Amino acid sequence: MASVHESLYFNPMMTNGVVHANVFGIKDWVTPYKISVLALLYDMTTSKITLPERRRLNKLILPLQQGPDLTLGQFLKTVEECCPQTAYAVKLRLHEMADGELKDMEYFFSTLPTPFTSFDTEAYKTSVVGLFMRHMLLAYNKLSFSQVYKLYKSLQHYYHSHYAKPTDGQVGLPALVADDSDMDLTSTEDTVGDRIDRDDLDSPLHESELRNDNTPSRGPLSQKQAEYFLARQAYLLKNDENKALKPAALQEELNNMLKFNPDFAEAHYLNYLNNMRVQDIFLSAHSLLHYFDRLILSGNEGKSNGDEGYGRSLRYAALNLASLHCRFGHYQQADLALQEAIRIAQESNDHVCLQHCLSWLYTLEQMKGSDSTVLTEDSVKMAAHFCLPYLASLGIQSLVQQGATQGKTAHKLMDALKDTDILHWKHSLSELIEISLAQTTSIWRMYGKSTMALQQAQLLLNMSSLEPVNFGVQQNNTEAFAVALCHLAELHAEQGLYFAVTEILQHLKEQFPPHSQHAKLWMLCDLKIQFERHMNEGKYHLAEQLVTAISALNKTEGLYRKAHVLKALNRSTEAYNILQRLQVHCEKTKCTEVVIRVMLSTAELHWESSGFSTALPLLLQALALARQHHLQSLASETILHLAFTQLMLGVPEHALSVLHEAIEPVLAHGSVMDKGRALLLTARCQMAVAGFKPNGQGQADSHLAIMAVDTLNEAAGYFSKLNCKERLRDVHYLQAQLHRSLGQTSQCNKSAMLFRLLDQELQSPAPPVSMRL
């Protein structure tokens, strides 16, 4: 690790093109801030610093050289965080020059050659530090006497403004405006035409901050500094939005940049990304169109490709506009833009652009709810033909997703994903590897295999990204990470681990702020977890308040949960009407999971009117659908409903035999609530088979009664974990009756007392135990 950081001093081969472009720039003004950086480098090469402090300072060198000018306070604070001793030495050296005379600044520059002309110096002459010091010295030596005096006065103002109280008229730091011919290191002569060309290339832009604070802007930026700022912010927006500037602050900086140079295309594109953060469709489209307009007007495409560069910008502009409308759900506008992009790409015979258009075409059809299997298969074949592994893998993942909803078997889907994973690792497609793991997690959850889903989610969260890490940021704010974390939160909530759920959701809120693209994922997840918790605890009035918020994020989920609450509040007619509407809608959209859940809820409504025989056809239809689509979790839940119906119809032996088929997967992969309900139903079937009578008449099978007691004790443990008091009341009621029939008076009294306490606490009449699962 040390060798990498020390290469900034020793190994010139470790530097990249960006660094050399900054060192050999066409115009690089000598400013008071650059003198401060020079003082820092001088003290680093001449003083003794511990290895950890040197490593921290080495990480600062490139950002300080390439980034915009900082105030003295920001600069000293940044250095002090790495090495307080060096920060004090730099401050002292600046104090000697600013409070001294001009000859003190002259003396400082006269001592600079010593570090890199000697053989024992750390600043090798062709390293980043050595080149920067030589560059600054050459630029300083080319200044005239009047310019040196201006530089000295600017240095004094730069130093004293840090200690002076700001006034209303104090805007910022004055920059030394020297003649370009004096500052240009690439020629000894200059003409008016050359100066104009250089000014056009390096337009002065407004300054921004190197750090992520929201302080106001000051002074002009060079072209290179502006490009560094834009590249850094764009990278942070893609990989870790929380470390980028806030939307309002970034918008202000971009507006200031565009005020000085309205044709700066890259600034318009970053403006587009920033507006996408806050879901502003109008400004997003406006900035995107401005970006492509400026790109064409600047001639960057045309100079290298002629007319082809102009056409390329047009078709990709239309394609980006189509993706923008897709994201905001404007399908008609997206379709028009996509058709325009396809037309231009066909005229130019651009197969790569056509493949991107085809990918967006089947994505658009999926968003509309249409079957896009044929389009997706064609896209995969053509992408493979043109050697586009990224688009081919995306198409296969889309086919896997469609296959999962259409009832394909798990082994076929997993084999397809395994083949794409080989392609991902071969081409180092890190983003698609993450999508594949998140998709596998979702598929296992859909099939009801919670253990496998948990394993895949943990694998994704603990995987090291293949993407290069820049600015100290690891890519972890993609949709795949959000999906995996939401699954993880729901899996923990199903097991009653609400403290862990709170920590996961808190991390999601920090990583994906409310205005970000994927924030809706954790918002819906949070609301669903709260809803289920309130329903389990019997707080129906609190659950009802969440229905509106859930409906705003997902109308289908909101309607289903509204019916669920109405059923719990004994408003059966309203609940039935909603369920019927929801079933018709989900059958049209082929949302099989919701269709099955609606059927189960409808069957429960039939139970309330003692229509157990009426519920049987619904339950059998739901079981057939669940098995056809390999939805084990829903199939097990349907079997529980069938067993309960058979128990109510007076055939407990058949109910118990059916129950044994579902109890194993429920205990292995089910939620705590499902486990408790399954065990409670098992105990009731055992009591019925044993011949137990509530009034104590007849002789019950003591062996089965004891088994029922043990089963109820286990069910009580699960319900206690969820604080489900209504279910616990039912358990204690049955326990008291069993203990009484077995002659266990003390246990009977204890269970009766617990039942009485819960009944008084709930203050609501207990529904008949025979009327609900």
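This is a predicted model, so every value here is computed, not measured.

**Thoughts on the overall build of the chain**
Here's step 1: Of the regular secondary structure elements, the chain holds 39 helices and two strands.
Here's step 2: Out of the 773 residues in the chain, the part that is buried amounts to 51%.
Here's step 3: When contacts within the chain are restricted to residue pairs at least 6 apart in sequence, those whose partners lie at least 24 apart make up 65%.
Here's step 4: Here the chain displays about 36,600 Å² of accessible surface, and carbon together with sulfur accounts for 56% of that area.

**So, the packing of helix α24 (residues 430–447) against helix α26 (residues 479–494)**
Here's step 1: Viewed as axis vectors pointing N to C, α24 and α26 meet at an angle of 30°, and their least axial separation amounts to 8 Å. Taken together, the axes of α24 and α26 lie roughly parallel to each other. When the axes of α24 and α26 are compared, the crossing they make is left-handed. Taking contact as the criterion, the partners of E434, I435, A438, T441, S442 and R445 in α24 are, on α26, A480, F481, V483, H487, E490, L491 and E494.

**Considering the nonpolar core**
Here's step 1: Counting residues in each nonpolar core, the largest one holds 103 residues, and the members touching the most others are L508, L681, F719 and L738.
Here's step 2: Here this core gets 11 residues from one element, more than from any other, and that element is α26.
Here's step 3: Other than its neighbours up to four places away in sequence, L508 contacts A482, L485, C486 and W522.
Here's step 4: Formed by 45 residues, the second largest nonpolar core is a distinct cluster that contains L38, F109, M136 and L137.

**Details of the environment of M105**
Here's step 1: With respect to the secondary-structure elements, M105 resides in helix α7 (residues 102–111).
Here's step 2: A residue is classified by how much of its surface remains accessible, and M105, at 0% relative accessible area, is buried.
Here's step 3: As for M105 and L94, which are separated by 11 residues in sequence, their C-alpha atoms are 9.0 Å apart.
Here's step 4: The residues contacting M105, other than those within four sequence positions of it, are I35, M97, Y140, V148, L151, Y152 and L155.

**With respect to the environment of N749**
Here's step 1: Topologically, N749 is positioned in helix α39 (residues 745–762).
Here's step 2: Exposure remark for N749: the relative accessible area of 48% places this residue in the partly exposed category.

**What about helix α9 (residues 128–141)?**
Here's step 1: Taking 1.5 Å per residue as the helical rise, α9 with its 14 residues ought to reach 20 Å, and the 20 Å between its terminal C-alpha atoms agrees with that figure.
Here's step 2: In terms of residue burial, α9 counts as a mostly covered element, since 11 of its 14 residues are buried.
Here's step 3: Turning to α9, its buried residues number three or more, namely V128, V129, G130, L131, F132, M133, H135, M136, L137, A139 and Y140.

**Some points on the packing of aromatic side chains**
Here's step 1: In the structure shown here, the tally under the stated rule is six aromatic pairs.
Here's step 2: Geometrically, the ring pair formed by Y269 and Y272 is tilted, given 5.4 Å between the ring centres and 50° between the ring planes. Here Y269 and its partner Y272 are both found in helix α15 (residues 265–277), three residues apart, which amounts to about one turn of the helix.
Here's step 3: Here the aromatic rings of Y291 and F292 are separated by 4.9 Å at their centres, their planes lie at 70°, and the arrangement is edge-to-face.

**Thoughts on unusual backbone geometry**
Here's step 1: The phi torsion at H630 lies on the positive side, around 60°, for a residue other than glycine.
Here's step 2: Mapped onto the elements, H630 comes out in the loop between α33 (612–628) and α34 (632–648).
Here's step 3: Look at H630 and you get partly exposed, because its relative accessible area is 33%.
Here's step 4: Located in the positive-phi region is N723, a residue other than glycine, with phi close to 55°.
Here's step 5: Assignment of secondary structure puts N723 in the loop between α37 (702–721) and α38 (725–741).
Here's step 6: With relative accessibility at 34%, the residue N723 sits in the partly exposed group.

**Observations concerning helix α20 (residues 351–368)**
Here's step 1: Between its first and last C-alpha atoms α20 spans 26 Å; for 18 residues at 1.5 Å apiece the expected length is 26 Å, and the two agree.
Here's step 2: When we look at burial in α20, the residues that qualify are C353, Q355, C357, L358, S359, L361, Y362, L364 and E365.
Here's step 3: At the N-terminal boundary of α20, the capping side chain belongs to D350, with an oxygen 3.3 Å from the backbone nitrogen of V352.
Here's step 4: One or two steps after α20, the chain reaches G369, where phi turns positive at roughly 90°.

**Examining the side chain of S393**
Here's step 1: Among the secondary structure elements, S393 is positioned in helix α22 (residues 389–405).
Here's step 2: Each residue touching S393, except ones within four places of it in the same chain, is listed here: L423, H424 and L432.

**Here we look at the pattern of salt bridges**
Here's step 1: If you walk through the whole model with that rule in mind, you get 21 salt bridges.
Here's step 2: Its salt-bridge partner being K539, residue E537 comes within 3.3 Å of it at the nearest N-O pair.
Here's step 3: Under the relative-accessibility criterion, E537 is labelled buried at 13%.
Here's step 4: K539 gets classed as partly exposed once you look at its relative accessible area, which sits at 35%.
Here's step 5: A salt bridge links E544 to R571, with the shortest nitrogen-to-oxygen separation between them at 3.8 Å. Separated by 27 residues along the polypeptide, E544 in helix α29 (residues 540–553) and R571 in the loop between α30 (555–568) and α31 (572–589) bring together distant segments of the chain.

**Focus: the side chain of Q233**
Here's step 1: The residue Q233 is located in helix α13 (residues 223–239) in this model.
Here's step 2: You can call Q233 buried: its relative accessible area is 0%.
Here's step 3: Among the polar contacts listed, one links the side chain of Q233 to the backbone nitrogen of L245, at a separation of 3.1 Å.

**Details of the packing of helix α36 (residues 672–689) against α38**
Here's step 1: Running from N to C, α36 and α38 cross one another at 25°; their axes reach a closest spacing of 12 Å. By the angle class used here, α36 and α38 are roughly parallel. Crossing handedness for the pair α36 and α38: left-handed. Residues M673, R677, L680, R684 and M687 of α36 form the contact with α38, whose participating residues are R727, V731, L734 and L738.

**Observations concerning the confidence of the model for the chain**
Here's step 1: Per-residue pLDDT for the chain averages 79, and the proportion of residues at 70 or more is 81%.
Here's step 2: In this model, residues 166–218 is a region of pLDDT below 50 whose contacts with residues beyond four sequence positions or in other chains number 126 contacts.
Here's step 3: The model gives residues 301–307 a pLDDT under 50, and that stretch makes six contacts with residues more than four places away or in other chains.

**Quick word on the environment of T441**
Here's step 1: Position of T441 among the secondary structure elements: in helix α24.
Here's step 2: Residue classification places T441 among the buried residues on the basis of a relative accessible area of 0%.
Here's step 3: Remark: the alpha-carbon pair of T441 and L459, spanning 18 residues in sequence, is separated by 9.8 Å.
Here's step 4: Ignoring any residue separated from it by four or fewer positions in sequence, one finds T441 in contact with A453, Q456, A457 and H487.
Here's step 5: A polar atom in the side chain of T441 sits 3.4 Å from the backbone nitrogen of A457.

Calculation notes
- Residues numbered from 1 in each chain as written.
- Predicted model: local features only at pLDDT ≥ 70, side-chain atom pairs only at ≥ 80, totals over all residues.
- Heavy atoms only, no water.
- Helix = DSSP H or I, 4+ residues; strand = E, 2+ residues; numbered from the N terminus.
- Buried < 20%, exposed > 50% of the residue type's maximum accessible area, 1.4 Å probe, protein only.
- Contact = heavy atoms within 4.5 Å.
- Areas by Shrake-Rupley, 256 points an atom, 1.4 Å probe, with all protein chains shown as cover.
- Axes fitted to C-alpha atoms, helices over the stretch in contact; angles between N-to-C directions.
- Parallel < 35°, antiparallel > 145°, perpendicular 65-115°, else oblique.
- Left-handed = near helix turned anticlockwise from the far one by under 90°.
- Core = buried A, V, L, I, M, F, W, Y, C linked by side-chain atoms within 4.5 Å.
- Expected span 1.5 Å × (residues − 1).
- Phe/Tyr/Trp six-rings, centres within 6.5 Å; stacked < 30°, edge-to-face > 60°.
- Polar contact = N/O pair within 3.5 Å; in protein donor to acceptor, adjacent residues only side chain to side chain.
- Salt bridge = Lys/Arg side-chain N within 4 Å of Asp/Glu carboxyl O.
- pLDDT = per-residue confidence, 0-100.

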